[in-house]
Amino acid sequence: MDNLRIQGGARLEGRVGISGAKNAALPILCAALLADGDHCFRNVPGLRDVRTMGKLLETLGLGVRIEGHVVEVASSPVPEPLAPYELVKQMRASVLVLGPLVARYGRARVSLPGGCAIGARPIDQHLKGLEAMGAEVELDHGYVNVVVPKGRLEGAMIYLDVPTVTGTENLMSAAVLAKGRTTLVNAAREPEVEELARVLNKMGANITGGGTDVITIEGVEGLHPVDHAVIPDRIEAGTYMAAAAATRGNVLLEGVAFEHLEAVAAKLREAGVVVEREGAGVRVAAPTPLRGVDATTAPHPGFPTDMQAQFMILMCTATGPSVITETIFENRFMHVPELVRMGAEIDIRGRAATVAGTRPLSGAQVMATDLRASASLVIAGLVAEGTTDVLRVYHLDRGYERIEEKLGGLGASIERVPGSL
Ligand code: EPU
């Protein structure tokens with residue numbers, strides 16, 4: 001597996017273009033299952049997860065052509081609505097085919113994703129919602145079998161215990177072809193959920209409240225194919241903002257949706273980072289020193305869990321302590337032992353990590369088994385003295401398009417080297 005070799009010490013300066021949002025593209029690609037015909041998705045990021053989703057759709061019998069940032073999907077009736085373990089184990093988001101398949105075919109067999117590096121991540125809320133709409137759910141041999149005895153789902157009131165992002169997306173996609181009205185209460189409000197509602201409506205669905213915690217879906221008889229450009233990736237943008245600030249650089253991020261970045265921008269500003277809108281972009285500049293500030297992750301519009309690791313490394317460079325609390329996933333501090341190996345002083349007590357700040361970091365060989373944790377180690381490598389090898393770039397390739405090129409364009413000394421680990 002490839003590694004990234006980083007020589008620390010460069011200030012990031014210049015402009016960087018932000019790619020389309022991974023977590024918006026994945027459910028949107030699955031929406032193609034809902035309507036036969038030729039779909040065209042633009043501004044799709046060139047990522048391993050997108051290719052995995054393409055493979056899954058192909059396994060289901062759809063035609064998928066990926067060319068640059070355009071993905072064309074030729075959708076036709078699925079002979080066997082099955083998502084096999086081989087693909088689901090590579091990417092949990094494969095579970096996003098469940099809602100569209102059940103809506104369209106009244107049945108689906110999808111491998112259970114199981115736990116992952118950041119936590120147990122159950123899908124009970126997805127299944128509870130489908131049951132409320134008239135589906136029967138059975139687990140066998142590691143698969144979830146969903147059958148709708150009446151053939152078509154029926155609208156229902158669904159109260160989610162937690163505002164799950166992919167759960168809301170699955171249930172919204174299931175409800176669009178159901179008979180009658182579905183109301184999702186305590187729905188996830190993430191911009192990616194709102195984006196999926198927008199795309200489904202373009203396909204002929206009747207959804208109101210996307211982006212709020214109550215989403216109403218009036219079922220329709222059928223949908224049509226869509227041509228759509230995906231919103232920018234707020235987490236990729238946030239990661240470059242953290243990297244710019246950690247290196248005390250000055251970077252213009254181009255092609256961002258600032259309204260999706262407000263919680264991150266507010267937190268960076270509290271720490272003393274200058275974050276300003278500039279045209280269709282955002283400029284991030286960091287005077288030295290920055291202040292240590294506390295952060296607690298929360299569902300949107302709170303501070304995103306997907307930015308926690310990157311913010312933590314920024315806080316390692318700030319003056320004064322900060323307490324970072326992770327409330328979404330129970331095991332999302334895997335970057336901490338690696339940051340400590342590089343010289344950071346971080347103490348974990350339950351869900352809270354106390355970061356001492358301003359300890360000099362030194363380059364090391366480091367590794368993380370989660371995408372965002374890996375991103376924080378890259379930022380650590382940028383600020384550390386000497387050479388850092390971030391092993392298993394595999395994880396970064398799942399969610400960051402051409403990260404070494406983008407950082408290199410900002411002046412970082414970073415290269416991809418073939419590795420044995
Ligand atoms: N949860 C349940 N039951 C469920 C579903 C979720 O208890 O049925 C719990 C989870 O265990 C977790 C919380 O609810 O504690 C929130 O999980 P959520 O379902 O919202 O997460 P997800 O939909 O599996 C998406 C993103 C993640 C991101 C989270 C939180 C995609 C494909 N993935 O996951 O992105 O961290 O929302 O915002 O949209 C990443 O991109 O690196 C990533 C992990």
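All figures in this text were calculated on a predicted structure; none of them were measured in a lab.

Asker: How should I be thinking about the overall build of the protein chain in this particular structure?
Answerer: Regarding its fold elements, the protein chain presents 14 helices and 24 strands. Expected size for 421 residues packed as a compact globule is a radius of gyration near 22 Å; at 21 Å, the protein chain falls within 12% of this value. Each principal axis of the C-alpha atoms in the protein chain carries an extent, and together these give about 65 × 45 × 40 Å. Here the protein chain, with 421 residues, has 56% of them falling under the buried criterion. Considering only residue pairs separated by 6 or more positions, the protein chain has 74% of its internal contacts joining residues 24 or more positions apart.

Asker: Help me out: how do you make sense of the side chain of T168 in this one?
Answerer: By secondary structure assignment, the location of T168 is in helix α6 (residues 165-175). According to the relative accessible area criterion, T168 is buried, its value standing at 0%. Setting aside chain neighbours within four positions, we find T168 in contact with L160, L184, A187, A188, V193 and I215.

Asker: Is there a simple way to explain the nonpolar core in this structure?
Answerer: Nonpolar side chains tend to gather and get buried jointly when the protein is soluble and globular. Counting residues in each nonpolar core, the largest one holds 76 residues, and the members touching the most others are V97, L130, M172 and L200. With 7 residues, helix α1 (residues 22-31) is the largest single contributor of residues to this core. Those residues in contact with V97 that sit more than four places away from it in its chain are C30, L33, M53, L56, L60, A83, V110 and N170. Judged by nonpolar contacts, the second largest core, of 71 residues, contains Y240, V284, A286 and A380.

Asker: Looking at this model, I keep getting lost on the domain arrangement of the protein chain. Mind explaining?
Answerer: It is common to give the size of an interface as the accessible area that goes away when the parts come together. The domain architecture assigned to the protein chain consists of domain 1 (3-19 + 233-417) and domain 2 (22-217). Domain 1 and domain 2 are separated by 30 Å when their C-alpha centres are compared. Residue-level contacts link 23 residues of domain 1 with 19 residues of domain 2. Taken together, both faces of the contact between domain 1 and domain 2 bury some 1,900 Å²; the carbon and sulfur share is 51%. Contact with domain 2 buries area across many residues of domain 1, yet H300, R398 and E401 alone supply 31% of it, more than any other trio. Connecting domain 1 to domain 2 are 2 salt bridges. Contributing elements (two or more residues each) for the side of domain 1 that touches domain 2: α12 (371-383) and α13 (394-399). Element by element, the count of residues in the side of domain 1 that touches domain 2 is highest for α13, at 4 residues. Tallied by class, residues from the side of domain 1 that touches domain 2 come to 7 nonpolar, 6 polar and 10 charged.

Asker: Looking at this model, I keep getting lost on the pattern of salt bridges. Mind explaining?
Answerer: Under the counting rule described, the total for this entry stands at 30 salt bridges. K150 is the partner of E154 in a salt bridge, and the nearest nitrogen-oxygen pair spans 3.3 Å. A residue is classified by how much of its surface remains accessible, and E154, at 30% relative accessible area, is partly exposed. K150 gets classed as exposed once you look at its relative accessible area, which sits at 64%.

Quick notes on the rules
Residues numbered from 1 in each chain as written. Predicted model: local features only at pLDDT ≥ 70, side-chain atom pairs only at ≥ 80, totals over all residues. Heavy atoms only, no water. Helix = DSSP H or I, 4+ residues; strand = E, 2+ residues; numbered from the N terminus. Rg over C-alpha atoms; globule rule 2.2 N^0.38 Å. Buried < 20%, exposed > 50% of the residue type's maximum accessible area, 1.4 Å probe, protein only. Contact = heavy atoms within 4.5 Å. Core = buried A, V, L, I, M, F, W, Y, C linked by side-chain atoms within 4.5 Å. Domains from an automatic or database assignment. Buried area = accessible area lost by both parts, 1.4 Å probe. Salt bridge = Lys/Arg side-chain N within 4 Å of Asp/Glu carboxyl O. Nonpolar A, V, L, I, M, F, W, Y, C, P; charged D, E, K, R; others polar.

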